[in-house]
Amino acid sequence: MTRAKLDKKPQDVAAMFDGIASRYDLVNDVISLGQDRVWRRAVVNAVDAHSGELVLDLAAGTGTSSESFVRKGARVIACDFSLGMLRAGVERRGGASRGGVTFVAGDALRLPFADETFDAVTISFGLRNVNDVDQALRELLRVTKVGGRLVICEFSHIPVEAVDRIYSTYLMGALPRIAGAVSGRSEAYDYLSESIMAWPTQPDLARTLQDAGWSRVAWRNLTLGTVALHRGFREK
């Protein structure tokens with residue numbers, strides 16, 4: 001399979017996710033020890049979608065995360081640039097637009113939506129895979145209504161350095177082997193480990209959000225800081 005590198009060429013990243021689509025959700029559950037469900041609930045609570053609102057779930061993959069917003073009464077556009085992931089989601093749900101979720105192929109750097117379309121935008125474990133984070137954040141701002149909000153859930157760094165070093169050993173050693181045993185595609189999870197290690201700290205990402213035009217930026221750590229939720233608002 002194609003193995004993405006830290007230059008994150010879009011065609012390589014998309015092809016890599018196409019190759020792991022069939023077992024993507026299962027592997028996430030295994031390597032996170034079930035914490036991915038806790039993280040999804042935290043995202044849903046942070047987005048706080050209401051009935052009648054339209055939510056963009058970017059890097060939605062198979063749409064597992066999107067379903068949670070529908071249960072809150074929102075309509076959801078599940079957008080991803082991996083056609084393999086989208087196909088898996090469409091097949092599982094029995095259609096491209098069912099039960100409040102509509103699957104749309106799209107690139108985070110050139111979103112196929114008009115200005116000020118969404119009440120809320122969110123991206124979970126996908127911003128790290130974009131090769132121009134600044135542009136992606138500006139695109140998300142463009143398609144968000146004034147007064148709307150952004151929630152990012154992403155792997156991050158444990159604030160206690162000694163503990164973070166132990167976690168890094170797991171990331172670079174055990175995680176690819178465990179994920180490879182479940183998915184049969186360990187090379188994709190070598191990239192996962194490398195991209196997490198290279199990802200900015202929580203304060204650095206917060207500054208990047210502010211520079212892209214988001215206001216009232218804040219974050220909180222989940223699972224000791226292995227994952228962090230960032231939130232911002234479009235005020236003008």
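Our structure is the block above this text.
Because the structure is a prediction, the values reported are computed rather than measured.

Visitor: Could you give an account of the nonpolar core, with specific residues and numbers?
Guide: Among the nonpolar cores identified, the biggest contains 29 residues, and L56, L127, L137, L140 and W214 are the most heavily contacted of them. Among the secondary structure elements, those contributing two or more residues to this core are β1 (54–58), β2 (75–80), β5 (118–124), α6 (133–142), β6 (144–155) and α10 (202–211). The element contributing the most residues to this core is α6, with five residues. The contact partners of L127, leaving out residues within four places of it in the chain, are V133, A136, L137, I152, E154, W199 and L205. Ranked by size, the runner-up nonpolar core spans 28 residues in total, among them A60, V76, F155 and L222.

Visitor: An account of empty space enclosed by the protein is needed here, citing residue identities and associated values.
Guide: Applying the stated rule across the entire model yields two cavities of 30 Å³ or more. The calculated volume of the second largest cavity comes to roughly 40 Å³. Lining the second largest cavity we find R40, V43, V44, D57, S65, F69, T122 and S124. Listed by contribution, the elements that provide at least two residues to the lining of the second largest cavity are α3 (35–47), α4 (64–70) and β5. By residue class, the composition of the lining of the second largest cavity is three nonpolar, three polar and two charged.

Visitor: Got a sec to walk through the pairing of β1? Specific residues and values, please.
Guide: A large share of β1 lies buried, amounting to five of its five residues. Burial along β1 is two-sided: L54, L56 and L58 and V55 and D57, pointing in opposite directions, are all buried. Pairing geometry for β1 and β2, over five bridges, is parallel. When the bridges of β2 are listed, L56 appears paired with I77. Pairing geometry for β1 and β5, over four bridges, is parallel. Across the sheet, D57 pairs through a bridge with T122, a residue of β5.

Visitor: Lay out the pattern of salt bridges in plain terms, naming residues and giving numbers.
Guide: Using the criterion set out here, one finds 13 salt bridges in the structure. R40 is paired through a salt bridge with D36; the nearest N and O atoms lie 3.4 Å apart. With R40 and D36 both in helix α3 and four residues apart, the pair spans about one turn of that helix. R93 is the partner of E67 in a salt bridge, and the nearest nitrogen-oxygen pair spans 3.0 Å. Note that E67 is positioned in helix α4 and R93 in helix α5 (residues 83–93), a separation of 26 residues in sequence. Taking the relative accessible area as the measure of exposure, E67 reaches 22% and is therefore partly exposed. Connected through salt bridges with shared partners, the residues E67, R92 and R93 form a single ionic network.

Cut-offs used in this document
Residues numbered from 1 in each chain as written. Predicted model: local features only at pLDDT ≥ 70, side-chain atom pairs only at ≥ 80, totals over all residues. Heavy atoms only, no water. Core = buried A, V, L, I, M, F, W, Y, C linked by side-chain atoms within 4.5 Å. Buried < 20%, exposed > 50% of the residue type's maximum accessible area, 1.4 Å probe, protein only. Helix = DSSP H or I, 4+ residues; strand = E, 2+ residues; numbered from the N terminus. Contact = heavy atoms within 4.5 Å. 1 Å grid on protein atoms, 1.4 Å probe; cavity = no way out; pocket = protein on both sides within 12 Å on 5 of 7 lines; lining within 4 Å. Points joined across faces, edges and corners; volume = space filled by probe spheres on them. Nonpolar A, V, L, I, M, F, W, Y, C, P; charged D, E, K, R; others polar. Pairing = 2+ DSSP bridges. Salt bridge = Lys/Arg side-chain N within 4 Å of Asp/Glu carboxyl O.

By themselves, these are just geometric observations and shouldn't be taken as functional.
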